[in-house]
Amino acid sequence: MATSPHQPPTQPPTQPPPQPPPHRVVVLALDGLLPFELGIPHRVFGRAKDTTGRHLYEIVTCSIRPPGPVRTDSDFAVLVEHGPEALATADTVVVPASYELGPVYEEGRLTPELAAALAQVRPGTRLVAICTGGYVLAAAGYLDGRPATTHWSSADHFQQLFPTIKVDADVLFIDDGDVLTSAGVAAGLDLCLHIVRRDHGTAVANEVARRTVVPPHRDGGQAQFIERPMPEPQLATTTTARAWALGRLQEPIQLRDMAEQESMSVRTFTRRFREETGVSPGQWLTQQRVERARYLLESTGLSMDQVARDAGFGTAQSMRQHVQGALGVTPTAYRRTFRAAAE
């Protein structure tokens, strides 16, 4: 059927804008690596997807040698299919822990082979170390004059070997912008989830945490070494109080109210709470309210006053103080960042 001359020509369907390529994470596998820590970036970044199901990260493992086997600290090796040239393609480089760092650990210097591999990392690439992987970044000079952490049992040695680094042995991880370091083992999970949250927001990070069956958020400032991570069976825990508080973050919550949920005195409750979580009840409440505010800023169009009330801060000014203290940006700037990313 012919088109009437009075009808406007049919417009071709609008093509959706092209999607940016996934963020490329290159994991550097060194001899003596810990298999668990090698798997952390793959598990966390590999599960991060947008609302359409598109993977947000591409993860590649490389060696400092041509493709081939890399020894682990266990009774098996891993077959790595990429050589050091993969480091030149990275948006983020992750260095997991190794028990065979040799002169890196003993003298604070890179081997020629490792130095040649790291020389391929492009300027501006984000650098991440898990546990003693921080020794590699330190020996390469990436941590000079910067704050960093590592496993608590290595912290004194790390500080002596690299005196210009501001070592903090009491935290799970440190985010210093383009260089991030973590304590050992599970703290690597916390750091990688933190990176996903920083890159793509709370909802994406929480979904990864659910699929990985780990807590969605442990603040970087939480203590590495908790005196009693698993309470003795005959002793009451603070789990009920925490669940009770999470259900009413928007309300004023007093310490005595939380203690009453466990039928404890305030003094006993405060001691037990810190033993189990590594932070005080007040610090924990603030962390949870910041997380609630982050979620509301990302996912709703509520006013700043309403977000502040729903998160339990009471006023926008109070929320601004706590959010900026925790995230380094104002609530308005935080919302703008994630709204722009969603558009």
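Starting from 1, residues in each chain are numbered consecutively following that chain's sequence as written. Local features in a predicted model are, by the rule used here, given only for residues with pLDDT of at least 70; side-chain atom pairs are given and counted only at 80 or more, and totals for whole chains, interfaces and linings are based on all residues. Hydrogen atoms and water are omitted, and side-chain values are computed over all heavy atoms in the structure.

Draft legend 1. Highlighting the pairing of strand 4 (residues 77-80). Only protein chains enter the accessibility calculation, which uses a 1.4 Å probe; a residue whose area is less than 20% of its type maximum is buried, one above 50% is exposed, and one in between is partly exposed. Secondary structure counts use DSSP, requiring at least four H or I residues in a row for a helix and at least two E residues in a row for a strand, with both numbered from the N terminus. Burial along strand 4 is one-sided: Val78 and Val80 are buried, and none of Ala77 and Leu79, which face the opposite way, are. In this sheet, strand 4 lies alongside strand 3 (residues 68-71) in antiparallel orientation, the contact comprising four bridges. Among the inter-strand pairings, Arg71 is bridged to a residue of strand 4, identified as Ala77. Between strand 3 and strand 4, which pair antiparallel and follow one another directly, the connecting turn spans five residues. What makes two strands pair is DSSP finding at least two bridges between them.

Draft legend 2. Structural view of the sheet that holds strand 6 (residues 126-130). If you trace the six strands from one edge of the open sheet to the other, you get 2-1-5-6-10-9, paired in mixed fashion. Whereas interior strands pair on both sides, the edge strands pair on one side only; in this sheet they are strand 2 (57-62) and strand 9 (173-175). The average undirected angle you get between the axes of adjacent strands in this sheet is 15 degrees. Here strand 5 (residues 92-95) pairs with strand 6 via four bridges, running parallel. For Val94, the partnering residue across the bridge sits in strand 6 and is Val128. Should any heavy atoms of two residues lie within 4.5 Å, those residues are considered in contact. A fitted line through C-alpha atoms represents every axis, and for helices the fit uses only the stretch in contact; the resulting angles, taken between N-to-C directions, go from 0 to 180 degrees. In this fold helix 1 (residues 35-46) packs onto strand 1 (23-28), strand 2, strand 5 and strand 6, with an angle of close to 160 degrees to the strand it touches most, strand 2.

Draft legend 3. Here's a closer look at helix 6 (residues 186-200). Take the residue count of a helix, subtract one, and multiply by 1.5 Å to get its expected span. If you check helix 6, its first and last C-alpha atoms are 21 Å apart, about what 15 residues at 1.5 Å a residue would give, namely 21 Å. In terms of burial, helix 6 is a largely internal element, 11 of the 15 residues being buried. Every buried residue of helix 6 is accounted for by Ala187, Gly188, Leu189, Asp190, Leu191, Cys192, Leu193, His194, Ile195, Val196 and Arg197. Phi turns positive one or two residues past the end of helix 6, at Gly201, with a value near 100 degrees.

Draft legend 4. How the structure looks around the pattern of salt bridges. The salt bridge definition used is simple: a Lys or Arg side-chain nitrogen within 4 Å of an Asp or Glu carboxyl oxygen. By the definition in use, this model includes 19 salt bridges. The shortest N-O distance in the salt bridge between Asp31 and Arg71 comes to 3.6 Å. Here Asp31 is found in the loop between strand 1 and helix 1, whereas its partner Arg71 is found in strand 3, with 40 residues between them in sequence. Given the relative accessible area of 15%, Asp31 is considered buried. Between Asp91 and Arg122 there is a salt bridge, with the nearest N and O atoms lying 3.5 Å from each other.

Draft legend 5. Quick look at the packing of aromatic side chains. Only Phe, Tyr and Trp rings take part, Trp by its six-membered ring, and two of them pair if their centres are within 6.5 Å. Stacked means planes under 30 degrees apart, edge-to-face means over 60, and tilted covers everything else. For the coordinates displayed, the defined rule picks out seven aromatic pairs. Pairing Phe45 with Tyr57 gives two aromatic rings, centres 4.8 Å apart and planes at 50 degrees, and the pair type is tilted. Of this pair, Phe45 sits in helix 1 while Tyr57 is found in strand 2, placing the two residues 12 residues apart along the sequence. For the residue pair Phe45 and Tyr57, the accessibility class agrees, reading buried in each case. Members of the aromatic cluster, joined through ring pairs, are Tyr105, Tyr135, Phe158 and Phe162. The criterion is that NZ of a Lys, or CZ of an Arg, lies within 6 Å of the ring centre and within 35 degrees of the ring normal, and then a charge sits over that ring. Cation over ring: Arg242 sits above Phe273, and NZ or CZ is 5.7 Å from the ring centre.

Draft legend 6. Layout of the confidence of the model for the protein. When pLDDT is averaged across the protein, the result is 89; 87% of the residues are at 70 or more. One confidence number per residue, pLDDT, is output by the predictor and ranges from 0 to 100. Confidence drops under pLDDT 50 across residues 226-234; counting only partners more than four residues distant or on other chains, this segment forms 13 contacts.

Draft legend 7. Region of interest: the environment of Gln261. Among the structural elements, Gln261 can be located in helix 9 (residues 255-261). For Gln261, a relative accessible area of 31% corresponds to the partly exposed category. Sequence separation of Gln261 and Ala245 is 16 residues, and the distance between their C-alpha atoms is 9.6 Å. Residue contacts for Gln261: discarding those within four places in its chain leaves Thr240, Ala241 and Trp244.

Draft legend 8. The side chain of Thr125, seen in detail. Tracing the backbone through its elements, the reader meets Thr125 in the loop between helix 3 (112-118) and strand 6. Under the relative-accessibility criterion, Thr125 is labelled buried at 7%. Polar side-chain contacts of Thr125 include one of 2.7 Å to the backbone oxygen of Arg122. Ignoring sequence-local partners within four residues, the contact set of Thr125 consists of Ala90, Asp91, Thr92, Val93 and Asp178. Pairs of N or O atoms within 3.5 Å make up the polar contacts considered here, provided that, within protein, one atom can donate a hydrogen while the other can accept it, and that residues adjacent in sequence are counted only when both atoms are side-chain atoms.

Draft legend 9. Examining the nonpolar core more closely. In this text, buried Ala, Val, Leu, Ile, Met, Phe, Trp, Tyr and Cys residues form a nonpolar core when linked through side-chain atoms within 4.5 Å. With 35 residues, the main nonpolar core has Val44, Phe45, Ala48, Tyr57, Val94, Ile195 and Val196 as its most contacted residues. When residues of this core are traced back to their parent elements, those giving at least two are strand 1, helix 1, strand 4, strand 6, helix 6 and helix 7 (202-212). With near-sequence residues (within four places) excluded, Phe45 lies in contact with Val25, Tyr57, Ile59, Val94, Cys192, Ile195 and Val196. In this structure, Leu114, Leu118, Ala139 and Leu143 belong to the second largest nonpolar core, which totals 33 residues.

Draft legend 10. The arrangement of the packing of helix 11 (residues 281-299) against helix 13 (residues 316-327) in detail. Between helix 11 and helix 13, whose axes approach to 10 Å, the crossing angle comes to 95 degrees. Taken together, helix 11 and helix 13 sit at an angle that is classed as roughly perpendicular. Contact residues: helix 11 offers Thr286, Val290, Ala293 and Arg294, while helix 13 offers Met319, His322, Val323, Ala326 and Leu327. Taken together, the residues of the contact of helix 11 with helix 13 sort by class into six nonpolar, two polar and one charged. An angle below 35 degrees is treated as roughly parallel, one above 145 as roughly antiparallel, one from 65 to 115 as roughly perpendicular, and anything else as oblique. Note that Gly is not counted as nonpolar here; it falls among the polar residues with everything else outside the nonpolar set of Ala, Val, Leu, Ile, Met, Phe, Trp, Tyr, Cys and Pro and the charged set of Asp, Glu, Lys and Arg.

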